[in-house]
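# Working through the structure, step by step
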Amino acid sequence: MVSSRYYLFQVPLLAVVCVALLSACQKEDTHPGQPVTKRERIFKENIRTFEAMGLMIRDKEPYSAKEFLGYAQQLKALSTQPWAYFPPGSDYAPSRALPAVWQQPEAFKQAQEKFTVAAAQLADVAQTGKLDQIKPIYNQVKESCASCHHDFRAAYSLL
């Protein structure tokens, strides 16, 4: 019979090994100008900024009109930045962009505009400090992200 101490040691060790193996599988962006790396960095900053607002929207963090406005203005500024890093030929790993980005450039441009307009509206309405007016616009930004991911981004795969 194996003691429970054995399992307490093995489970964390197994988790560390799995994380190490998964990170080793990720491909590095070695292309000139590293467009995939640059756009991913901007998108990650978008997510951090958006989630900070989301915590306030969902009452997981206390609402601070001043902090929320700062995040909304940051998101507005970030919303225009990643699109320059989708040049033709930047559909290589580790990119999760679907071929539709380049095959349907007008639709991709419309998705970009939908997001940037929604982010700008969020920054504008955040100036009021009125959470009841902010929530619907926040949800519009969220929906613009989701629709773009649906149409132009592959789901994450471990393989």
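Every value quoted in this text rests on a predicted model; they were computed, and no experiment measured them.

Turning our eyes to something else, we now look at the overall build of the protein. From N to C terminus, the protein includes six helices and zero strands. Residues counted as buried form 30% of the 159 residues belonging to the protein. Across the protein, the fraction of contacts at a sequence separation of at least 24, relative to all contacts at a separation of at least 6, is 73%. Accessible surface, the protein as shown: approximately 10,500 Å² in total, 59% of it carbon and sulfur.

In a regular helix each residue adds 1.5 Å, so 14 residues correspond to 20 Å; helix H3 (residues 65-78) covers 20 Å between its end C-alpha atoms and thus fits that length. Of the residues making up H3, those classed as buried are Phe 68, Ala 72, Leu 75 and Leu 78. Along the axis of H3, the buried residues cluster in a sector spanning 125°; they form a single face.

Here we come to the packing of aromatic side chains. Evaluated as defined, the whole model comprises 10 aromatic pairs. Here Trp 83 and Phe 108 contribute two aromatic rings whose centre-to-centre distance is 5.7 Å and whose plane-to-plane angle is 80°, an arrangement assigned as edge-to-face. With Trp 83 in the loop between H3 and helix H4 (100-103) and Phe 108 in helix H5 (residues 105-126), the pair connects residues that are 25 residues apart, well separated along the chain. The exposure class assigned to Phe 108 is buried, which follows from its relative accessible area of 5%. Chaining the aromatic ring pairs together yields one cluster made of Phe 43, Trp 83, Phe 86, Trp 102, Phe 108, Phe 115 and Phe 152.

Turning our eyes to something else, we now look at unusual backbone geometry. A cis amide bond links Ala 93 to the next residue, Pro 94, at an omega of 20°. Note that Pro 94 resides in the loop between H3 and H4. Phi at Asp 59 is positive, roughly 60°, even though this residue is not glycine. Positionally, Asp 59 belongs in the loop between helix H2 (35-57) and H3. Asp 59 gets classed as exposed once you look at its relative accessible area, which sits at 60%.

As a further point, take the packing of H2 against H3. The N-to-C vectors of H2 and H3 enclose an angle of 155°; their axes lie 9 Å apart at closest approach. Here H2 is positioned roughly antiparallel relative to H3, judged by the angle of their axes. Along this stretch, H2 crosses H3, giving a crossing that reads as left-handed. Listed contacts from H3 to Ile 42, Glu 45, Asn 46, Thr 49, Phe 50, Ala 52, Met 53, Met 56 and Ile 57 of H2 are Glu 67, Phe 68, Tyr 71, Ala 72, Gln 74, Leu 75 and Leu 78. Considered class by class, the residues forming the contact of H2 with H3 number 11 nonpolar, three polar and two charged.

The final tally for this structure, using the stated rule, is two salt bridges. Notably, a salt bridge pairs Glu 45 with Arg 48, separated by 2.8 Å at the nearest N-O pair. Within this pair, Glu 45 and its partner Arg 48 are both found in helix H2, separated by three residues, close to a single helical turn. The shortest N-O distance in the salt bridge between Arg 58 and Glu 51 comes to 2.4 Å. On the accessibility criterion, Arg 58 (39% relative accessible area) is partly exposed. Classification of Glu 51 as partly exposed rests on a relative accessible area of 32%.

About the cut-offs
- Residues numbered from 1 in each chain as written.
- Predicted model: local features only at pLDDT ≥ 70, side-chain atom pairs only at ≥ 80, totals over all residues.
- Heavy atoms only, no water.
- Helix = DSSP H or I, 4+ residues; strand = E, 2+ residues; numbered from the N terminus.
- Buried < 20%, exposed > 50% of the residue type's maximum accessible area, 1.4 Å probe, protein only.
- Contact = heavy atoms within 4.5 Å.
- Areas by Shrake-Rupley, 256 points an atom, 1.4 Å probe, with all protein chains shown as cover.
- Expected span 1.5 Å × (residues − 1).
- Arc of directions from axis to C-beta.
- Phe/Tyr/Trp six-rings, centres within 6.5 Å; stacked < 30°, edge-to-face > 60°.
- Axes fitted to C-alpha atoms, helices over the stretch in contact; angles between N-to-C directions.
- Parallel < 35°, antiparallel > 145°, perpendicular 65-115°, else oblique.
- Left-handed = near helix turned anticlockwise from the far one by under 90°.
- Nonpolar A, V, L, I, M, F, W, Y, C, P; charged D, E, K, R; others polar.
- Salt bridge = Lys/Arg side-chain N within 4 Å of Asp/Glu carboxyl O.

Shape descriptors only; they carry no functional weight alone.
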